[in-house]
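Chain by chain, the residues run as shown.
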Amino acid sequence: MPITDKNKLDNIEYRQLSPEEIPDSLLINFGRQQETHRVLAMVNGQLIEKEDHFIDVWDESRLIEVAGELRDCAQAGGIVLGAFETKKCIGFSSILPDRFGSRDQYCELTLCHVTEELRGKGIGREIFRRICAIAKSKNTEKLYLSTHPSIETQAFYRAMGCVLAEEVNPEILSREPLDIQLEKSL
């Protein structure tokens, strides 16, 4: 069931997307760049802060690839939520449909991004809040997140109520061994 409404404060439309609403061109003008100076790292079961400077940039081919990942997620029965301003996608998030964990309590939140020029305006918080509500309505107990280690990313997820994952999924961890494994109870 698609969820659509307008946020009167910022004229942004948030809606759940069907596969047909996710063309390869969905993210072509999406600004995905993140400059990182400090990260959290898991060392002997403890999070430590350390310096680590790098820049992540998604080029056009990566943006097309991510649109395909979103479409595949929606086709598989997962949740894809988009934020739009004047029909331009300015943010998105996705949750895969497969459950895992000792009690099948987790679904994986795979992506959650806001275009670079609009970060810090509450759009990411709203996307996260809404996708959590949709997941909860589908009887998901917890979201599992493999998150970028930057201090800023970690601060965002902590502010959204995420904590270190009680059960680390080794397959997910192996994809990005430096990511911090978090969970969000719904």
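Here's what I pulled together on the structure shown here.

Definitions and limits used
Residues numbered from 1 in each chain as written. Predicted model: local features only at pLDDT ≥ 70, side-chain atom pairs only at ≥ 80, totals over all residues. Heavy atoms only, no water. Helix = DSSP H or I, 4+ residues; strand = E, 2+ residues; numbered from the N terminus. Contact = heavy atoms within 4.5 Å. Salt bridge = Lys/Arg side-chain N within 4 Å of Asp/Glu carboxyl O. Buried < 20%, exposed > 50% of the residue type's maximum accessible area, 1.4 Å probe, protein only. Core = buried A, V, L, I, M, F, W, Y, C linked by side-chain atoms within 4.5 Å.

1. Some details on the side chain of serine 93
Next up, step 1: Inspection of the secondary structure puts serine 93 in strand E6 (residues 88–100).
Next up, step 2: Apart from the residues lying within four places of it in its own chain, the contact partners of serine 93 are Ile79, Val80, Leu81, Leu109, Leu111, Cys112, Ile127 and Ile131.

2. A closer look at the pattern of salt bridges
A pair can form between side chains of opposite charge whenever their charged atoms are brought close.
Next up, step 1: Inspection of the entire model under this criterion finds 14 salt bridges.
Next up, step 2: A salt bridge links glutamate 13 to arginine 15; its shortest N-O distance comes to 3.2 Å. Taken as a pair, glutamate 13 and arginine 15 share a single burial class, namely buried.
Next up, step 3: The salt bridge involving arginine 62 is made with glutamate 65; its shortest N-O contact spans 2.8 Å. Placement of both arginine 62 and glutamate 65 in helix H1 (residues 60–75) is noted, with a separation of three residues, approximately one turn of the helix.

3. Here we look at the environment of phenylalanine 156
Next up, step 1: Mapping phenylalanine 156 onto the fold places it in helix H3 (residues 151–159).
Next up, step 2: With 31 residues separating them in the primary sequence, phenylalanine 156 and arginine 125 have C-alpha atoms 8.2 Å apart.
Next up, step 3: Beyond its immediate sequence surroundings of up to four residues, phenylalanine 156 is in contact with Gly124, Arg125 and Phe128.

4. Looking at the nonpolar core
Next up, step 1: Residues Ile95, Leu109, Ile123, Ile127, Phe128, Leu145 and Tyr157 are the most contacted members of the largest nonpolar core, which totals 27 residues.
Next up, step 2: Contributions of two or more residues to this core are made by strand E2 (12–16), strand E5 (79–85), E6, strand E7 (106–114), helix H2 (123–137), strand E8 (142–147) and strand E10 (180–185).
Next up, step 3: For this core, the leading source of residues is H2, giving seven residues.
Next up, step 4: Once residues lying within four places of it in the same chain are set aside, the contact partners of isoleucine 123 are Ile12, Tyr14, Ala83, Ile90, Val114 and Leu118.

What is shown is where atoms sit, not what they do.
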